[in-house]
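Structural overview
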Amino acid sequence: MKIYKLKTEEDASKKASEIIIKTIKNKEDCVLGLATGSTPLKTYQFLIDAYKNKKIDFSKVAAVNLDEYKGLSKDDPNSYSYFMDKHLFNQINIKNTNIPDGMEKDPVKACNTYQKTLNNLGPVDLQILGIGLNGHIGFNEPGTDFNEETHLVSLSKSTISANRRFFLKEEDVPKFAYTMGIKTIMKSKTILLIATGKNKKEILKESLTGPVTTNVPASILQTHENVIVIGDSESLEWYED
Ligand code: GLP
């Protein structure tokens, strides 16, 4: 595991974007695994800047996203599909983007369809991950079997309350989501975990140095042979280079 402790969130995002750009330069038709949440926003902005400055071409890249809320459509400003279009896809020249279908009511169908897409594209070359306050990755909540593939998740109380800030009313926050499973995430050739800010400090430390347990989904990353962790001076306060 390679850990980069950068000073600020801006520095961390810059570093993350450089790793993504390098991956695309080395393999123009690479498969990028992408994440939502506030953490990768600045990283995506650096990618957009690089594209606008003609430093990178996304035309052959395939993107697969980790997750989507069940019941939210692509046009819903709180859906992850909308988020990705707004914060990245609509501002670069990417063509092949994939995300679970939140409007598919049949979970078996939604999950099988997405898993087929993931299997067809092959292992992800570089998977970007954020981390939830309870250690979730994608929407793989504590207790999820490490062998799960794409599945329907009943979101935990902690996740629902963390997501509350994006919705007008508590009852509007979705209770279910479709997520890529940990098994697929772990098949990625390289995993890039980004965590910034002091509220991620404890869970990041527990995930990277504590026991590997389904109670802390991100702890499985300790067993992957090619993980890069990027944090800032707050999230990695406990870490000495
Ligand atoms: C959501 C997403 C995760 C993300 C997490 C952390 O639960 N499904 O992929 O990592 O939020 O979000 P944030 O980056 O806003 O802290």
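Up top is the structure.
Keep in mind the model is a prediction, meaning the values are calculated, not measured.

Our next topic: the site of the ligand. Lining the immediate surroundings of the ligand are G37, S38, T39, D67, Y80, G130, I131, H136, G138, F139, R165 and K200. Within the side chain of S38, an N or O atom sits 2.7 Å from an oxygen atom of the ligand. In the model, a nitrogen atom of the ligand is placed 2.8 Å from a nitrogen or oxygen of the D67 side chain. Expressed as a share of its isolated accessible area of 390 Å², the protein-covered part of the ligand is 91%. Here the ligand occupies the largest pocket.

Another point: the pattern of salt bridges. Evaluated as defined, the whole model comprises 8 salt bridges. The closest approach of N and O atoms between E104 and K109, which form a salt bridge, is 3.9 Å. The class of K109 is partly exposed, set by a relative accessible area of 49%. The partner of R164 in a salt bridge is E170, with the nearest N and O atoms 3.9 Å apart. Among the residues examined, E170 registers a relative accessible area of 44% and is labelled partly exposed. What you see here is one network of salt bridges that share partners, running through K27, D125 and K189.

Here the focus is the layout of surface pockets. What the largest pocket holds in volume is close to 790 Å³. Taken together, 36 residues line the largest pocket, and the ones lying closest to its centre are G37, S38, N163, R165 and F166. For the lining of the largest pocket, the secondary structure elements donating two or more residues are β4 (67–69), α3 (80–87) and α5 (157–163). If one sorts the elements of the lining of the largest pocket by residue count, α3 sits on top with 5 residues. Empty space within the second largest pocket amounts to approximately 250 Å³. Lining the second largest pocket are 14 residues, with I19, K22, T23, T190 and I228 positioned closest to its centre. For the lining of the second largest pocket, the secondary-structure elements that each account for two or more residues are β1 (2–5) and α1 (9–26). For the lining of the second largest pocket, the leading source of residues is α1, giving 6 residues. Residues belonging to the lining of the second largest pocket are distributed by class as follows: 4 nonpolar, 4 polar and 6 charged.

Take the sheet that holds strand β8 (residues 176–179) next. Here we have 3 strands laid out as an open sheet, ordered β4-β8-β7, and antiparallel in their pairing. The open sheet has two edge strands, β4 and β7 (151–154), and neither has a second partner. Taking the axes of each pair of neighbouring strands and ignoring which way they run, one obtains an average angle of 25° across the sheet. Pairing of β7 with β8, which is carried by 4 bridges, proceeds in the antiparallel orientation. Within β8, the residue paired with L152 across the bridge is Y178.

Definitions and limits used
Residues numbered from 1 in each chain as written. Predicted model: local features only at pLDDT ≥ 70, side-chain atom pairs only at ≥ 80, totals over all residues. Heavy atoms only, no water. Near = heavy atom within 4 Å. Polar contact = N/O pair within 3.5 Å; in protein donor to acceptor, adjacent residues only side chain to side chain. Areas by Shrake-Rupley, 256 points an atom, 1.4 Å probe, with all protein chains shown as cover. 1 Å grid on protein atoms, 1.4 Å probe; cavity = no way out; pocket = protein on both sides within 12 Å on 5 of 7 lines; lining within 4 Å. Sits in = over half its atoms within 2 Å of the grid points. Salt bridge = Lys/Arg side-chain N within 4 Å of Asp/Glu carboxyl O. Buried < 20%, exposed > 50% of the residue type's maximum accessible area, 1.4 Å probe, protein only. Points joined across faces, edges and corners; volume = space filled by probe spheres on them. Helix = DSSP H or I, 4+ residues; strand = E, 2+ residues; numbered from the N terminus. Nonpolar A, V, L, I, M, F, W, Y, C, P; charged D, E, K, R; others polar. Pairing = 2+ DSSP bridges. Axes fitted to C-alpha atoms, helices over the stretch in contact; angles between N-to-C directions.

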